[in-house]
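Fold and geometry: a report
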There are 4 protein chains.
Amino acid sequence: MASKAIAIVAGVGPGTGASVARKFAAAYPVVLLARNPDNYESLVQEINKSGGKAIGISTDVSSPDSLKEAFGKIEQEYKGASVAAAIFNASGRFVRKPLLEMSVEDFGAGWEVSCKGAFLFSQQVLPLLLKNVDDTNSKYPPTLIFTGATASIKANALMSGFASAKFAMRALSTSIAKEFAPKGVHVAHAIIDGVIDIPRTKDWLKDMPPEAKIAADDIAESYWNLHTQSRRAFTNEIDIRPMLEKW
Amino acid sequence: MASKAIAIVAGVGPGTGASVARKFAAAYPVVLLARNPDNYESLVQEINKSGGKAIGISTDVSSPDSLKEAFGKIEQEYKGASVAAAIFNASGRFVRKPLLEMSVEDFGAGWEVSCKGAFLFSQQVLPLLLKNVDDTNSKYPPTLIFTGATASIKANALMSGFASAKFAMRALSTSIAKEFAPKGVHVAHAIIDGVIDIPRTKDWLKDMPPEAKIAADDIAESYWNLHTQSRRAFTNEIDIRPMLEKW
Amino acid sequence: MASKAIAIVAGVGPGTGASVARKFAAAYPVVLLARNPDNYESLVQEINKSGGKAIGISTDVSSPDSLKEAFGKIEQEYKGASVAAAIFNASGRFVRKPLLEMSVEDFGAGWEVSCKGAFLFSQQVLPLLLKNVDDTNSKYPPTLIFTGATASIKANALMSGFASAKFAMRALSTSIAKEFAPKGVHVAHAIIDGVIDIPRTKDWLKDMPPEAKIAADDIAESYWNLHTQSRRAFTNEIDIRPMLEKW
Amino acid sequence: MASKAIAIVAGVGPGTGASVARKFAAAYPVVLLARNPDNYESLVQEINKSGGKAIGISTDVSSPDSLKEAFGKIEQEYKGASVAAAIFNASGRFVRKPLLEMSVEDFGAGWEVSCKGAFLFSQQVLPLLLKNVDDTNSKYPPTLIFTGATASIKANALMSGFASAKFAMRALSTSIAKEFAPKGVHVAHAIIDGVIDIPRTKDWLKDMPPEAKIAADDIAESYWNLHTQSRRAFTNEIDIRPMLEKW
């Protein structure tokens, strides 16, 4: 019997999430989670038309109930499926403000999604990743990837909430990696250090060549390469930046 | 006219908080914040009897309202006072659990106090620290110190919530340091890497010499030394560990 | 005209070096550098027999003259060739000794190879990597990879010389990455955190499953994946550890 | 019988070294090491005149013989003395050059002094620091401090040699700290992140207020504070930067 493994991408927008979904859809049925269905609907169609299989579920990753409901739907749709790869790509609202002008909501916005959301998602998905460990038809170790940012390792002025949340998610990723690697789950954290080339950023770095921005498809490529690593060579952290990035 | 500067210690218990309070009470009237008055009452008496000046205010640092109320009382008690030193020493409930057994409350407990609390406290205290910058009678640059832990830089298995919160607080500290140093406020983060010698830990490392544990009074000494640094030599991070610590 | 690009592996032994050589030999003629020809001779034969192309050159990477001679031979053998990938895998003698028992030679052994050698090798190979940037037949950005170790980020007792050298090589790698990325060369540093499964370590971790050691072939796989990254998503550092590693 | 402890400063110039020497001369007879006697002669006179005790010894810290000779002279001058504090402040020649224009000497210049020199100095001084551990008249744990720089944790382009050496010295410091803390020696590393205000830098940052540069006397103050830390609260690393530093 063939493996019934699926891939789940939490946080699908027009950038990394979509590229990752397309890439993993070539190997697995994919589940796309995003709060706003606009963010996955056309992509679900695109994948289904081009021979892949995708569903989208409107989900608020910062809500335990919403996530539980989403995973209930996943179980309905893919009865008994294990998860071969899960990518947490959601990110809290980006707030850049002087500390004294930041509201509690501003400050907590990052944490709610990037850290609490990442925790809640991990709790839902880890049992399904563990299930994949036992699937003898599974080609690669089940993989959980968190998308971080420059702010995961660098806390600049005016970025207190965003950086706090990203530092926190990095700690979460490492803690999970250490707990679940011995059980066969590969956990990795990616520090995306640079501007991703998406519609929203098309006017940024306008006078620079394309190599000043990160291509989302190339992030997806790196995520796939993480997924295919063997149990005898897990990478737990990578950084990714474009050729022309100053760092 | 003499300086009317005070010091505030948030998170006073029988360990670091009490030692820091005693140390800074030698130079400034001190305000002690703790949720449970049991944690500061005898200390307030002790300081007042021995020639210092102290008040305690029951405060939940994770609550904006509670903190606002506390700072209202401070203003009543010390009208027009600036803050020479503020130490954030509160720490969220320590939870050590497998990820799949952790409740959302378990996970968020660290964040609520260590990071959101640190943020809320900073918002209240920074205007008073800035006020101290302008106080020509002030001897040292106003100082804001955050107490971190091993988990601020190392995220171990089963420690996902605690480490996330401590990583987050470290990011917060750095972000504030970068924003407020140019305005004259000295912000520092201390990585307390080891067991502090307090009543609760008296049976830990029992067969080891005293140098296996950190003395809270010696942490206070280091915090005082941070406070006395000049504007031309700010230390933004120190680690502290006992002689016999393995690291 | 087809690309005349080659790959060079410095530091070929029975572990990572050999695996990397085999992997890259599937795409490029490879040059193997090692002090002792025993370390590459059978591998050169193996590659040449199995349809690849390989030469070995006895080289002391810590000697400017020896390296210059080696690159002279490379130019003779592959006239006008550019370098598509260069892997610096040489490592100084490993010395674990109390500081007071360490000779200057012991201490400097790591530096001579891991850092000075890496520097000298980089100086020879970077012009050839830059040449590859201009090669329109080249499929991937030219890549320079340095093999680091746990000691690249963790300096333990008794490891002063080895850790100093590895920290130094990591700094060298980053400095070169920042200087040459804008010119089109991809530089990466790999932190190999664990015991590599080679003949010399076959009795280590004997009672553990194979997942307690790193497979050299899987390191090679990761290096290849680094090489194939696009200019819009360079990874400058990865860690690699086996599933059962404690970290 | 009173303690016969001395302090030794390696790398005395018009900046940090001189300030540290003055500061520690208030408590201990000091020995000043520098290659060029011009760097310590007037300072030796100044200290001796103002009630302290100082000698200078022309020493090349990168030469085992020169260092051995220096410590022979120290033993002659202060028979049976232990060392209460040793500060390694020497730094290799600063070279900022494109990698391909750097000579082997340029590249190695940093290492020779900052790392090999630090190693050689440590080997000479550690037995005397250990001797101080047993001195019951000694007030503070014997202390060995290494002066690092921004480049100790950040490797920029064109700084390959300097950063490599500083990263290496940081590893050395940590390794020694871990080995000798359990024996009672306090080892610390200081990341001096900014321009120090010395004659040579008087035209730098000219239009900025004094708080844009580090005061060498204030570094000395922080070093003294490190020295006075108890065995139950060792700091192994601090950073130091001026109020107006961007980081």
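Because the structure is a prediction, the values reported are computed rather than measured.

Focus on the overall build of chain A
In terms of regular secondary structure, chain A is built from 6 helices and 7 strands. Ordered by position from N to C terminus, the α and β elements of chain A give β-α-β-α-β-α-β-α-β-α-β-α-β. Each principal axis of the C-alpha distribution contributes one length, and for chain A these read about 55 × 40 × 35 Å. Per-residue burial over chain A gives 63% buried out of 247 residues. Across chain A, every contact between residues at least 6 apart in sequence was considered, and the portion connecting residues at least 24 apart equals 70%.

Overview of the relation of the copies chain C and chain D
Structural alignment of chain C on chain D gives an RMSD of 0.0 Å, achieved by rotating through 180° and translating 0.0 Å along the axis. Such a combination of turn and shift is consistent with a two-fold rotation axis. In this assembly the copies share their binding face: 100% of the residues contributing to the interface of chain C also contribute to that of chain D.

Section: empty space enclosed by the protein
Taken as a whole and assessed by the stated rule, the structure comprises 5 cavities of 30 Å³ or more. Its volume calculated, the largest cavity comes out at about 140 Å³. As for the largest cavity, its lining consists of Ser222, Asn225, Leu226, Gln229, Thr235 and Ile238 of chain B together with Ser222, Asn225, Leu226, Gln229, Thr235 and Ile238 of chain D. Of the residues that constitute the lining of the largest cavity, the class distribution is 4 nonpolar, 8 polar and no charged. Ser222, Asn225, Leu226, Gln229, Thr235 and Ile238 of chain A together with Ser222, Asn225, Leu226, Gln229, Thr235 and Ile238 of chain C together form the lining of the second largest cavity. For the lining of the second largest cavity, the elements supplying multiple residues, two or more each, are α6 (216-227) of chain A together with α6 (216-227) of chain C. Residue composition of the lining of the second largest cavity, by class: 4 nonpolar, 8 polar and no charged.

Brief notes about the packing of helix α1 (residues 16-25) of chain B against helix α2 (residues 41-49) of chain B
All names here are of chain B. Axis separation between α1 and α2 bottoms out at 11 Å; the angle between their running directions is 20°. Accordingly, the angle class assigned to the pair α1 and α2 is roughly parallel. In this structure, the crossing between α1 and α2 has a hand that is right-handed. When α1 is examined against α2, the residues Ala18, Ala21, Arg22 and Ala25 are found in contact with a partner set consisting of Leu43, Glu46 and Ile47.

Here we look at unusual backbone geometry
We note that Leu158 of chain B has phi near 70°; this positive angle belongs to a residue other than glycine. Among the structural elements, Leu158 of chain B can be located in the loop between β5 (143-149) and α5 (160-180).

Re the pairing of strand β6 (residues 186-192) of chain D
Residues and elements named next belong to chain D. By the criterion of burial, β6 is predominantly enclosed, with 7 of the 7 residues buried. Note that the unit made of strand β5 (residues 143-149), helix α5 (residues 160-180) and β6 has a crossover that is right-handed. Sheet topology places β6 next to strand β7 (residues 237-240); 4 bridges connect them, and they run parallel. If you follow Ala190 over to β7, its bridge partner there is Ile238. Traced from β6 through helix α6 (residues 216-227) to β7, the parallel crossover comes out left-handed.

With respect to the interface of chain C and chain D
If you look at the interface, chain C gives 39 residues, while chain D gives 39 residues. With both sides pooled, the region where chain C packs onto chain D buries about 3000 Å², and carbon together with sulfur makes up 74% of that total. Counting across the chain C and chain D interface gives 0 salt bridges. At the junction of chain C and chain D, the tally comes to 16 residue pairs in polar contact (both at pLDDT 80 or more). Elements with a contribution of two residues or more to the side of chain C that touches chain D: α4 (104-133) and α5 (160-180) of chain C. A per-element tally of the side of chain C that touches chain D places α5 of chain C first, with 14 residues. When grouped by side-chain class, the residues that make up the side of chain C that touches chain D number 25 nonpolar, 9 polar and 5 charged.

Examining the pattern of salt bridges
When the charged atoms of two side chains lie near each other, side chains of opposite charge can form a pair. One pass over the full model with this rule turns up 60 salt bridges over all chains. Residue Asp197 of chain D pairs with Arg232 of chain B through a salt bridge whose shortest N-O separation is 2.7 Å. One end of the pair, Asp197 of chain D, is in the loop between β6 and α6; the other, Arg232 of chain B, is in the loop between α6 (216-227) and β7 (237-240), on a second chain. What makes Asp197 of chain D partly exposed here is its relative accessible area of 34%. According to the relative accessible area criterion, Arg232 of chain B is buried, its value standing at 19%. Ionic pairing is found between Asp60 of chain C and Arg35 of chain C, a salt bridge with its closest N-O pair at 3.9 Å. One end of the pair, Asp60 of chain C, is in the loop between β3 (54-58) and α3 (64-77); the other, Arg35 of chain C, is in the loop between β2 (30-34) and α2 (41-49), with 25 residues separating them in the sequence.

Some points on the pairing of strand β3 (residues 54-58) of chain B
In summary, the side chains of a regular strand alternate between the two faces of the sheet. Residue and element names in this part refer to chain B. Sheet topology note: the strand β2 (residues 30-34)/β3 ladder contains 5 bridges and is parallel. Looking at β3, one finds that Leu32 is bridged to Gly56. In this region the chain leaves β2, passes through α2 and returns to the parallel neighbour β3; the handedness of that crossover is right-handed.

Quick notes on the side chain of Glu237 of chain D
Its place among the elements puts Glu237 of chain D in strand β7. Among the polar contacts listed, one links the side chain of Glu237 of chain D to the side chain of His189 of chain D, at a separation of 2.9 Å. Here Glu237 of chain D is in contact with Glu237, Ile238 and Asp239 of chain B together with Arg170, His189 and Ile191 of chain D, once residues within four sequence places are set aside.

Here we look at the side chain of Asp239 of chain C
When you line up the elements, Asp239 of chain C lands in strand β7 (residues 237-240). The buried category is assigned to Asp239 of chain C, whose relative accessible area is 9%. A distance of 2.7 Å separates a polar side-chain atom of Asp239 of chain C from the backbone nitrogen of Asn236 of chain A. If we ignore the near neighbours within four places in the chain, the residues touching Asp239 of chain C are Phe234, Thr235, Asn236 and Glu237 of chain A together with Ile191 of chain C.

Thoughts on α6 of chain C
With 12 residues, α6 of chain C ought to run about 16 Å at 1.5 Å a step, and its terminal C-alpha atoms sit 17 Å apart, in line with that. Burial within α6 of chain C is extensive, with 10 of its 12 residues counted as buried. Looking only at α6 of chain C, the buried set comprises Ala216, Asp218, Ile219, Ala220, Ser222, Tyr223, Trp224, Asn225, Leu226 and His227 of chain C. Check the buried side of α6 of chain C and you find it contacts α6 of chain A together with α1 (16-25), β4 (82-88), β5 (143-149), β6 (186-192) and β7 of chain C.

Describing the environment of Val95 of chain C
Residues and elements named next belong to chain C. Mapped onto the fold, Val95 is located in the loop between β4 and α4. Judged by its relative accessible area of 7%, Val95 falls in the buried class. Placed 121 residues apart in sequence, Val95 and Ala216 show a C-alpha to C-alpha distance of 22 Å.

Describing a nonpolar patch on the surface
Residue and element names in this part refer to chain A. On the surface, a cluster of nonpolar side chains totalling about 290 Å² of accessible area is made up of Trp204, Leu205 and Met208. Note that Trp204 resides in the loop between β6 (186-192) and α6. We classify Trp204 as partly exposed; its relative accessible area is 41%.

Describing the packing of aromatic side chains
Applying the stated criterion across every chain yields a total of 38 aromatic pairs over all chains. Taking 4.0 Å as the distance between ring centres and 5° as the angle between the ring planes, the aromatic pair formed by Phe107 of chain C and Phe119 of chain D counts as stacked. In this pair, Phe107 of chain C is assigned in helix α4 and Phe119 of chain D in helix α4 (residues 104-133), connecting two distinct chains. Residue classification places Phe107 of chain C among the buried positions, given a relative accessible area of 0%. Take Phe119 of chain D: its relative accessible area is 0%, and that puts it in the buried class. We note Lys178 of chain A situated over the ring of Trp247 of chain C; from NZ or CZ to the ring centre the distance is 5.0 Å.

Describing the state of the cysteines
In this structure the tally under the stated criterion is 0 disulfides over all chains. Free of any disulfide, Cys115 of chain A has its nearest neighbouring cysteine sulfur in Cys115 of chain B, separated by 9.3 Å. Accessibility expressed as a relative area gives 0% for Cys115 of chain A, which makes it buried.

Remarks on the environment of Lys53 of chain D
Residue and element names in this part refer to chain D. Residue position: Lys53 is located in the loop between α2 (41-49) and β3 (54-58). Exposure remark for Lys53: the relative accessible area of 39% places this residue in the partly exposed category. Lys53 sits 27 residues away from Ala26 along the chain, and the two C-alpha atoms are 8.8 Å apart. Non-local contacts of Lys53, meaning those with residues more than four positions away in its chain, are made with Tyr28, Pro29, Val30, Ile47, Asn48, Glu77 and Tyr78.

Rules and cut-offs
- Residues numbered from 1 in each chain as written.
- Chains lettered and ligands numbered in written order.
- Predicted model: local features only at pLDDT ≥ 70, side-chain atom pairs only at ≥ 80, totals over all residues.
- Heavy atoms only, no water.
- Helix = DSSP H or I, 4+ residues; strand = E, 2+ residues; numbered from the N terminus.
- Buried < 20%, exposed > 50% of the residue type's maximum accessible area, 1.4 Å probe, protein only.
- Contact = heavy atoms within 4.5 Å.
- Least-squares fit on C-alpha atoms with pLDDT ≥ 70 in both.
- 1 Å grid on protein atoms, 1.4 Å probe; cavity = no way out; pocket = protein on both sides within 12 Å on 5 of 7 lines; lining within 4 Å.
- Points joined across faces, edges and corners; volume = space filled by probe spheres on them.
- Nonpolar A, V, L, I, M, F, W, Y, C, P; charged D, E, K, R; others polar.
- Axes fitted to C-alpha atoms, helices over the stretch in contact; angles between N-to-C directions.
- Parallel < 35°, antiparallel > 145°, perpendicular 65-115°, else oblique.
- Left-handed = near helix turned anticlockwise from the far one by under 90°.
- Right-handed = clockwise from strand over helix to strand, strands pointing away.
- Pairing = 2+ DSSP bridges.
- Buried area = accessible area lost by both parts, 1.4 Å probe.
- Salt bridge = Lys/Arg side-chain N within 4 Å of Asp/Glu carboxyl O.
- Polar contact = N/O pair within 3.5 Å; in protein donor to acceptor, adjacent residues only side chain to side chain.
- Expected span 1.5 Å × (residues − 1).
- Patch = residues over 30% accessible without salt bridge, like charges linked within 9 Å, V, L, I, M, F, W, Y side chains within 5 Å.
- Areas by Shrake-Rupley, 256 points an atom, 1.4 Å probe, with all protein chains shown as cover.
- Phe/Tyr/Trp six-rings, centres within 6.5 Å; stacked < 30°, edge-to-face > 60°.
- Lys NZ or Arg CZ within 6 Å of the ring centre and 35° of its normal.
- Disulfide = S-S within 2.5 Å.

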